[in-house]
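Survey of secondary and tertiary structure
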2 protein chains.
Amino acid sequence: MAAAFLNQTSKPERLDEKRSEILDFIEQQKQVDRKVVLVTSGGTTVPLESKTVRFIDNFSVGSRGAASTEYPFYSSKSRTCTRILKYESETCDHTKGYAVVFLHRNRSLKPFLRHLSTYNFLDLLELDGENQDAPVKVKSEHQKRLSSILRDYEQVQRDRSLLWVEFQSLSEYLHLLQMCSTCLQGLGKSAMLYLAAAVADFYIPKDQMPEHKIQSAEGPLQLSLQLVPKMLEPLVKEWVPEAFVVSFKLETNKDILVSKSLQALDKYQHQLVIANLLETRKREVKLVTTDNCVDISMTTEELSSGHEIEEKIVRELASLHSKFCSPDGH
Amino acid sequence: MAAAFLNQTSKPERLDEKRSEILDFIEQQKQVDRKVVLVTSGGTTVPLESKTVRFIDNFSVGSRGAASTEYPFYSSKSRTCTRILKYESETCDHTKGYAVVFLHRNRSLKPFLRHLSTYNFLDLLELDGENQDAPVKVKSEHQKRLSSILRDYEQVQRDRSLLWVEFQSLSEYLHLLQMCSTCLQGLGKSAMLYLAAAVADFYIPKDQMPEHKIQSAEGPLQLSLQLVPKMLEPLVKEWVPEAFVVSFKLETNKDILVSKSLQALDKYQHQLVIANLLETRKREVKLVTTDNCVDISMTTEELSSGHEIEEKIVRELASLHSKFCSPDGH
């Protein structure tokens, strides 16, 4: 089903080039004994026409994925993100810190850069003088904020621990997900997959899609959409059978949230589902495993002082992944 | 039809506040005898659920609207945009320059800022030193580019000739379009409307929309979409009957492009349609009026030296609008 879908849709451009880039990146991480997490982020588009004018998209701007990507780089003993306050009870070194392959929707929120998303960047700058050669400088009132963000960003650049891969459509995403996942096979258990992308459930097969822009002169429109085959199945069974796989479940109806998460774990046999409701997803999530359900939440004080739920999620997952990799504690 | 649609959909937040802001802006432009153009830009979204997880969107990232907005500020005798080369044959002063109300899709391309859209903004900056207090500065290799963009942006800020208004959904857009248009009534003929936004043709009425996220467990999906009433009709007849109204026609099939443009002019009785094909829209457009069709195109040399078709479009429209305002040439 999934295989047939992938065969019927065209591959993204420069797939082989991207595969080489990812394999090189993974090799570099092996050299420094760093775990790797594939973070997927943002929504996928489903075209309604071949010469695409319209498409179905979703609410996801990539907040979860972009925020989460800022935290796995750090461990309790390594250089800590300048914006995370240390937790008092932190004693054990979960990890050396991760490298991240960030498979994200184009133009969605990006790690580090997202902290400037409410600004027009040009408002952060000014010309230092009247003449033609006057240099551009950062306005003094924005120095502190930019300095903090840039410091973390530059560290990740120096460490070469973040690789960016873009997608837009559903079919691009699925091909790239398959490609990134199979590249991670060589890492065995030390690969984590953090599947935060909001993947379309419905699509129009190419042979049922009109070629040209649908005309409004033809009156009201009926659309028939087929189900997208679930990729978690081949992902867990074939692409990265040894990896620590975390998927997400987002609902608007709280009555079905946990039951759907347990159904997914039972069906796909992966490690964990992060369950959340659309309206409260920045404040509370549930980490659902087959035998446990951990509530993670943020107090109003924590949120207003700039903390994010993704700090806690990543910390918890790093700990669980560490146990997954070394169940005997070695 | 249009009125019923507007009555049935909820108004955007803070509509009265935005109305006051726009009326003040227009008043300021009257004081300095500046014409005003309402530029609409980007695509509108059509939700599929009340608690919206999915929506229909379109290809438009706002290139046309954002690019066009950079040019109406300038006249041949005023301070010229630093990036436009003067055309040799320019002799007449079409205009004092316009003020722009930029009614745009949130997160779509913005005038001036769009020139940085291929960059991660953080890559343009660096920390000047190792210590905690090291200032953030612009990398020297990006100074020239930023300086040019910032100079034009700062001029527009000083002139207070650009007002930003955001929308996302179809219903927000239509309410804001009505509001902005009616605010422009007081300017009579000296108002231009440049309707570059890609407005949805189909939507799901609120009472036919499911409340919660549509479940994939229920199988393939059938969607029934109604036609969106055409707003050009009330816009031209009631909201801004005296203004110079320019709409756009985008098609993928060149055989119907001009005929559809003429049909629109005949139906809505506005001034001009800018007709373009999806695939060639940055290289060629047609300015269609009831008795003329002007082809505007860009050579490869012009495009590769950084010119844009919007420079020519705006120049031509400023000239036509000037004649529209003073048909006797006074």
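Keep in mind that this is a model prediction, so the values were computed, not measured.

1. Quick look at the interface of chain A and chain B
Much of the literature gives interface size as the accessible area that the parts lose upon coming together. Contacts between chain A and chain B engage 68 residues on the former and 67 residues on the latter. Of all residues in chain A, the largest losses of buried area upon contact with chain B belong to R107, L122 and R151 of chain A, amounting jointly to 11% of the total for that side. Along the contact surface separating chain A from chain B lie 4 salt bridges. In this structure, R54 of chain B and D201 of chain A form a salt bridge, with 2.6 Å as the shortest nitrogen-oxygen distance.

2. What to know about the sheet that holds strand β10 (residues 221-227) of chain A
With antiparallel pairing, 4 strands are arranged side by side in an open sheet as β9(A)-β10(A)-β10(B)-β9(B). Two strands in the sheet have a free side with no partner beyond their single neighbour: β9 (202-203) of chain A together with β9 (202-203) of chain B. Where β9 of chain B meets strand β10 (residues 221-227) of chain B, 2 bridges bridge the pair, whose relative direction is antiparallel. Within β10 of chain B, the residue paired with F202 of chain B across the bridge is L227 of chain B.

3. Regarding the relation of the copies chain A and chain B
Each of the two chain copies goes to the other by way of a rotation about an axis and a shift along it. The two copies are related by a screw motion: chain A maps onto chain B through a turn of 180° and a shift of 0.0 Å along the axis, at an RMSD of 0.0 Å. Look at the turn and shift together and you get a two-fold axis relating the two. Across chain A, the rotation axis passes nearest the C-alpha of I56 of chain A, at a separation of 2.1 Å. A share of 99% of the interface residues of chain A reappears at the interface of chain B, consistent with the copies meeting face to face through the same patch.

4. Examining the environment of K51 of chain A
Locating K51 of chain A in the fold gives a position in the loop between β2 (46-47) and β3 (54-58). For the pair formed by K51 of chain A and H307 of chain A, sequence separation is 256 residues and the distance between their alpha carbons is 44 Å. Polar side-chain contacts of K51 of chain A include one of 3.3 Å to the side chain of E279 of chain B.

5. With respect to the UniProt feature "domain: DNA/pantothenate metabolism flavoprotein C-terminal" (unreviewed entry) in chain A
The residues that UniProt annotates with the feature "domain: DNA/pantothenate metabolism flavoprotein C-terminal" (unreviewed entry) are residues 178-301 of chain A. In this annotation, residues 178-301 of chain A is assigned 23% helix and 32% strand; the end-to-end C-alpha distance for the span is 41 Å.

6. Remarks on the sheet that holds strand β4 (residues 98-105) of chain B
Residue and element names in this part refer to chain B. In space, the 8 strands of this open sheet follow the order β7-β4-β1-β8-β11-β12-β13-β14, with mixed pairing throughout. Lying at the two open borders of the sheet, with one neighbouring strand each, are β7 (162-167) and β14 (292-297). Sheet twist, expressed as the average angle between the axes of neighbouring strands with direction ignored, equals 15°. Across 3 bridges, strand β12 (residues 272-277) lies against strand β13 (residues 284-289) in antiparallel orientation. Its bridge partner being in β13, I274 is matched across the sheet by L287.

7. Observations regarding the pattern of salt bridges
Oppositely charged side chains can form a pair if their charged atoms are brought close together. One pass over the full model with this rule turns up 34 salt bridges over all chains. Notably, a salt bridge pairs R114 of chain A with E308 of chain A, separated by 2.6 Å at the nearest N-O pair. In this pair, R114 of chain A is assigned in the loop between β4 (98-105) and β5 (125-127) and E308 of chain A in the loop between α8 (300-304) and α9 (309-325), connecting sequence segments 194 residues apart. Among the charged side chains, a salt-bridge network with shared partners connects E49 and R54 of chain A together with D201 and K230 of chain B.

8. What about the confidence of the model for chain A?
Residue and element names in this part refer to chain A. Looking at chain A as a whole, the pLDDT averages 91, with 93% of positions reaching at least 70. Predicted confidence in chain A is weakest over helix α1 (residues 2-8), with a mean pLDDT of 89, and strongest over strand β8 (residues 191-195), with 98. Contacts for the low-pLDDT stretch residues 82-95, under 50 throughout, to residues beyond four places or in other chains number 32 contacts. Scored as a complex, the prediction yields pTM 0.91 and ipTM 0.90.

About the cut-offs
- Residues numbered from 1 in each chain as written.
- Chains lettered and ligands numbered in written order.
- Predicted model: local features only at pLDDT ≥ 70, side-chain atom pairs only at ≥ 80, totals over all residues.
- Heavy atoms only, no water.
- Contact = heavy atoms within 4.5 Å.
- Buried area = accessible area lost by both parts, 1.4 Å probe.
- Salt bridge = Lys/Arg side-chain N within 4 Å of Asp/Glu carboxyl O.
- Pairing = 2+ DSSP bridges.
- Helix = DSSP H or I, 4+ residues; strand = E, 2+ residues; numbered from the N terminus.
- Least-squares fit on C-alpha atoms with pLDDT ≥ 70 in both.
- Polar contact = N/O pair within 3.5 Å; in protein donor to acceptor, adjacent residues only side chain to side chain.
- UniProt positions renumbered as here; feature names shortened; annotations may be inferred.
- Axes fitted to C-alpha atoms, helices over the stretch in contact; angles between N-to-C directions.
- pLDDT = per-residue confidence, 0-100.

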